[in-house]
Amino acid sequence: MNKDNNKKNFSIKLDSHNLGLLSLLFLFVSVSSCAIFMFMNNVDNYVDMMKANVSDVGGGTDLAIKRPVIDSRENPFTDLDITQDYSKAVLELYHLGINSGYQDGTYRADDTINRAEFSKMLAEASDLDYSDFDSSGLANCFSDVNDLPEDWYAPPVCAFMRQGVVKGYDNGTFGPGKDITKIESYKIVLNVFGFDIPNNEDVEVLPYADMNFNVWYLGVAEAVKNYGLALDGMVLNPNDKIRRGEVATLIYN
């Protein structure tokens, strides 16, 4: 009789113990299943999102850099192609009040830019403080740069001349209406923003293949390479006329 009672008690205890373990096991499995389901669902959503992004880029499965979409209201220029590399620089300078384009709503990125226009844009970009000069210092600095209102470019050109940023030509002219070249643009930008330009004699290796050691701009070219300002990659194209889109890129960089 005692044996039967002991077996019965043991059976009851065993069943209660197992019930607790089974409850804990069921709870663990439930929580684990829920976590796995949520994880797999998030993975599926992420994969779907990545597929959508890749599809948006090229209409297929080829991976590519997805360009930021620029709202048309942010682009005031009727002829500015926002897929071009220079478009970001053009728009950034516009919204900073540095570049306003033309009155007909165009920017004309492929047009050349003359020395007067370049000086005015660079003065805006560098926050040139005209209060550092008296009125006489902002006019009549070159034989072809006189005074306002006829020579609207006189203040920035003369201010840069007083600072030693521009020197003009040997005949005493500045050439405001002359298209500016890339190497002239590089030199002025380097001077305005205070970059170090090494002396020509300190340059031991040609920084670009399309030049030689006898050019006057050897140190300028070295600085352009050192600071990563080149517009044409592995070549300098020093005597090419710079385009308005390139000017925006150079100033922005």
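Because the structure is predicted, anything quoted here is derived from the model rather than measured.

Points about the packing of helix α5 (residues 182–192) against helix α6 (residues 218–226)
Phase 1 of the analysis: Between α5 and α6, the shortest axis-to-axis distance is 10 Å and the interhelical angle comes to 70 degrees. The angle between α5 and α6 places the two elements in the roughly perpendicular class. In this structure, α5 uses I183, Y186, K187 and L190 to contact α6, whose residues at the interface are V220, A223 and V224.
Phase 2 of the analysis: Residue composition of the contact of α5 with α6, by class: 6 nonpolar, no polar and 1 charged.

Regarding the pattern of salt bridges
Phase 1 of the analysis: According to the stated counting rule, one finds 6 salt bridges in the structure shown.
Phase 2 of the analysis: Residue R108 pairs with D104 through a salt bridge whose shortest N-O separation is 3.0 Å.
Phase 3 of the analysis: Counted as one network, the salt bridges with shared partners bring together K182, D232 and E246.

Some points on the side chain of K182
Phase 1 of the analysis: With respect to the secondary-structure elements, K182 resides in helix α5.
Phase 2 of the analysis: Setting aside its immediate chain neighbours within four residues, K182 contacts D232, L236, N237, P238, D240, K241, I242 and E246.

What to know about the nonpolar core
Phase 1 of the analysis: Of all hydrophobic cores here, the largest spans 56 residues; its most connected members are V145 and L236.
Phase 2 of the analysis: Of all the secondary structure elements, the ones that give two or more residues to this core are α2 (87–95), α3 (115–125), α4 (154–163), α5, α6 and α7 (244–252).
Phase 3 of the analysis: Each residue touching L236, except ones within four places of it in the same chain, is listed here: K182, I183, Y186, Y208, D210, M211, Y217, A221 and V224.

Quick look at the confidence of the model for the protein
Phase 1 of the analysis: Of all residues in the protein, 71% attain a pLDDT of 70 or more, and the chain-wide mean is 81.
Phase 2 of the analysis: For the protein, helix α1 (residues 2–58) is the element with the lowest average pLDDT, namely 49, and α6 is the one with the highest, namely 97.
Phase 3 of the analysis: Of the regions scoring below 50 in pLDDT, residues 42–73 engages in 15 contacts with residues more than four places distant in sequence or in other chains.

Re α6
Phase 1 of the analysis: Among the 9 residues that make up α6, 7 are buried, leaving the element largely enclosed by the rest of the structure.
Phase 2 of the analysis: On its buried face, α6 is in contact with α5.
Phase 3 of the analysis: Looking one or two residues beyond α6, the residue adopting positive phi is G228, at roughly 65 degrees.

Observations concerning unusual backbone geometry
If a residue is not glycine, its phi is most likely negative; likewise, a peptide bond is most likely trans.
Phase 1 of the analysis: With an omega of 0 degrees, the peptide bond running from L148 to P149 counts as cis.
Phase 2 of the analysis: Among the secondary structure elements, P149 is positioned in the loop between α3 and α4.
Phase 3 of the analysis: Look at R108: it is not a glycine, yet its phi comes out positive at around 60 degrees.
Phase 4 of the analysis: Inspection of the secondary structure puts R108 in the loop between α2 and α3.
Phase 5 of the analysis: Residue R108 is classed as partly exposed on the basis of its relative accessible area of 29%.
Phase 6 of the analysis: Positioned with a positive phi, D127 is a non-glycine residue whose angle comes to about 55 degrees.

Overview of the state of the cysteines
Phase 1 of the analysis: Taken as a whole and assessed by the stated rule, the structure comprises 1 disulfide.
Phase 2 of the analysis: Residue C141 pairs covalently with C158 via a disulfide, S to S 2.1 Å. An S-S torsion of about -80 degrees defines the bridge between C141 and C158 as left-handed. Separated by 17 residues along the polypeptide, C141 in the loop between α3 and α4 and C158 in helix α4 bring together distant segments of the chain. Each member of the pair, C141 as well as C158, carries the same accessibility label: buried.

With respect to the packing of aromatic side chains
Any two aromatic rings considered together are summarised by their centre-to-centre distance and by the angle between their planes.
Phase 1 of the analysis: With the rule as written, the count across this model stands at 6 aromatic pairs.
Phase 2 of the analysis: Site record: aromatic cluster; members linked through ring pairs are F77, Y94 and Y107.
Phase 3 of the analysis: Over the ring of F174 we find R115; its NZ or CZ atom is 4.4 Å from the centre of that ring.
Phase 4 of the analysis: Seen from the ring of Y107, R244 lies directly overhead, with NZ or CZ sitting 4.5 Å from the centre.

Calculation rules
Residues numbered from 1 in each chain as written. Predicted model: local features only at pLDDT ≥ 70, side-chain atom pairs only at ≥ 80, totals over all residues. Heavy atoms only, no water. Axes fitted to C-alpha atoms, helices over the stretch in contact; angles between N-to-C directions. Helix = DSSP H or I, 4+ residues; strand = E, 2+ residues; numbered from the N terminus. Parallel < 35°, antiparallel > 145°, perpendicular 65-115°, else oblique. Contact = heavy atoms within 4.5 Å. Nonpolar A, V, L, I, M, F, W, Y, C, P; charged D, E, K, R; others polar. Salt bridge = Lys/Arg side-chain N within 4 Å of Asp/Glu carboxyl O. Core = buried A, V, L, I, M, F, W, Y, C linked by side-chain atoms within 4.5 Å. Buried < 20%, exposed > 50% of the residue type's maximum accessible area, 1.4 Å probe, protein only. pLDDT = per-residue confidence, 0-100. Disulfide = S-S within 2.5 Å. Phe/Tyr/Trp six-rings, centres within 6.5 Å; stacked < 30°, edge-to-face > 60°. Lys NZ or Arg CZ within 6 Å of the ring centre and 35° of its normal.

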